[in-house]
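Coordinate inspection notes
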Amino acid sequence: MKLLKSAVHPEIRDLSAPTFTRKAARAIVLKGEDILLLYTQRYHDYTLPGGGIDDGETHVEGLIRELREETGAHSVTNIKEFGLYEEFRPWHKSDFDIVHMESYCFVCDIDSELLTTKLEPHEIQNGMTPVWINIFDAIKHNEETLASNPKKGLSIVRETFLLKLIVKQLLGLQN
C-alpha cells in the first residue's frame, strides 16, 4: 500500500527505543462532499471510522468489522486502497516507549441505512457518534480544535491530514 505520510510525535527523541506496532484499518465513505465520520465528544474532533486489526484478520476484514461496530454500516462494497499513514507516538505503559501506529486507509461504499452500532465501553465513555458531515466543515472543526483545545487527542493531526488529502485526491478540490 502506498505510504501517505510518516509522522513522528514531537516528544519522541529516539526511534530505537522499545517499540511495538499496532495496525488499524480506516474507512473513507463519501457521498459527494459528505463523509461518514466519528465525532468524539471527549476530544471534540472528527475521525475516520476504523480501528485495530485483530489477530487472524486481513486488513479488509478488520475494516468491515470496525466500520460495522462503530457506525452500523453494512453491505460494504467497492473497497479500494487509499494509502498508509504511519506514526510513531509515545507509549506510557510498561515494556514499550513507542507505539508504531500503522493506519491502512480504504475507500468504500456502504448501504445507505446505518444499523445499530456496537461501540466498546471506552468509545461510549468518550462520546463517539457516527455522523455524516460536509468534509470541509469537518476539516474546519478539527483545525479549530487543534488550535484551541488542550484536551485534543493524538489522532487529530493524522485525521485532519487525511481529510485534506481526501479532498485533494478523491474530490479533486482544494481546501
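This text gives an overview of the structure that appears in the document.

**Observations regarding the overall build of the protein**
Scanning the protein from terminus to terminus reveals four helices and nine strands. When the elements of the protein are put in sequence order from the N terminus, they spell out β-β-β-β-β-β-α-β-β-α-β-α-α. Taken over C-alpha atoms, the radius of gyration comes to 16 Å for the protein, in line with the 16 Å a tight globule of 175 residues would show. Buried residues in the protein amount to 46% of all 175 residues. Restricting to contacts in the protein with at least 6 residues of sequence separation, those with at least 24 account for 75%. Of the accessible surface of the protein, which amounts to about 9200 Å², a share of 50% is contributed by carbon and sulfur atoms. Across the protein, the centroid of the 20 positively charged side chains sits 4 Å from that of the 27 negatively charged ones.

**Digging into unusual backbone geometry**
A positive phi is found at Asn78, a non-glycine position, where the angle reads about 50°. The phi dihedral of Asp95 falls on the positive side, at around 85°, and the residue is not glycine. Tracing the backbone shows Asp95 in the loop between strand E7 (77-90) and strand E8 (98-109).

**Things to note about the side chain of Arg65**
Here Arg65 is to be found in helix H1 (residues 59-71). With residues up to four places along the chain from it excluded, the contact list for Arg65 reads Gly52, Ile53, Asp54 and Glu57.

**Some thoughts on H1**
Side chains three or four residues apart in an α-helix point the same way, a direct result of the helix having 3.6 residues per turn. In a regular helix each residue adds 1.5 Å, so 13 residues correspond to 18 Å; H1 covers 18 Å between its end C-alpha atoms and thus fits that length. When we look at burial in H1, the residues that qualify are Gly62, Leu63, Arg65, Glu66, Leu67, Glu69, Glu70 and Thr71. In the stretch just after H1, Gly72 is the one whose phi turns positive, near 80°.

**Here's the deal with the nonpolar core**
Among the nonpolar cores identified, the biggest contains 20 residues, and Ile35, Leu37, Leu163 and Ile166 are the most heavily contacted of them. Going through the elements one at a time, strand E1 (3-8), strand E4 (34-40), E7, helix H3 (135-148) and helix H4 (156-169) are the ones with two or more residues in this core. Here the element with the most residues in this core is H4; it accounts for five residues. Ignoring anything within four residues of it in the chain, the contact list for Leu163 reads Ile35, Leu37, Ile135, Ala138, Ile139 and Asn142. Counting 14 residues, the second largest nonpolar core, distinct from the first, contains Val29, Leu63, Leu67 and Phe106.

**Quick notes on the packing of aromatic side chains**
Counted under the stated rule, the structure contains four aromatic pairs. Both rings, one in Phe20 and one in Trp91, keep their centres 4.8 Å apart while their planes meet at 75°; by these two values the pair is edge-to-face. Here Phe20, found in strand E2 (residues 19-28), pairs with Trp91, found in the loop between E7 and E8; they are 71 residues apart in sequence, far enough to count as distant. Relative to Phe161, the ring of Tyr85 lies with its centre 5.5 Å away and its plane at 55°, an arrangement referred to as tilted. Of this pair, Tyr85 sits in strand E7 while Phe161 sits in helix H4, and the two are 76 residues apart along the sequence.

**Side note on the layout of surface pockets**
As a volume, the largest pocket reaches approximately 920 Å³. Considering the residues around the largest pocket, the lining is formed by 32 residues, among which Arg22, Tyr43, Arg89, His122 and Ser155 are closest to the centre. Of the residues that constitute the lining of the largest pocket, the class distribution is nine nonpolar, 11 polar and 12 charged. In this structure, the second largest pocket spans a volume of roughly 220 Å³.

Basis of the calculations
Residues numbered from 1 in each chain as written. Predicted model: local features only at pLDDT ≥ 70, side-chain atom pairs only at ≥ 80, totals over all residues. Heavy atoms only, no water. Helix = DSSP H or I, 4+ residues; strand = E, 2+ residues; numbered from the N terminus. Rg over C-alpha atoms; globule rule 2.2 N^0.38 Å. Buried < 20%, exposed > 50% of the residue type's maximum accessible area, 1.4 Å probe, protein only. Contact = heavy atoms within 4.5 Å. Areas by Shrake-Rupley, 256 points an atom, 1.4 Å probe, with all protein chains shown as cover. Lys, Arg positive; Asp, Glu negative; His and termini not counted. Charge placed at Lys NZ, Arg CZ, Asp CG, Glu CD. Expected span 1.5 Å × (residues − 1). Core = buried A, V, L, I, M, F, W, Y, C linked by side-chain atoms within 4.5 Å. Phe/Tyr/Trp six-rings, centres within 6.5 Å; stacked < 30°, edge-to-face > 60°. 1 Å grid on protein atoms, 1.4 Å probe; cavity = no way out; pocket = protein on both sides within 12 Å on 5 of 7 lines; lining within 4 Å. Points joined across faces, edges and corners; volume = space filled by probe spheres on them. Nonpolar A, V, L, I, M, F, W, Y, C, P; charged D, E, K, R; others polar.

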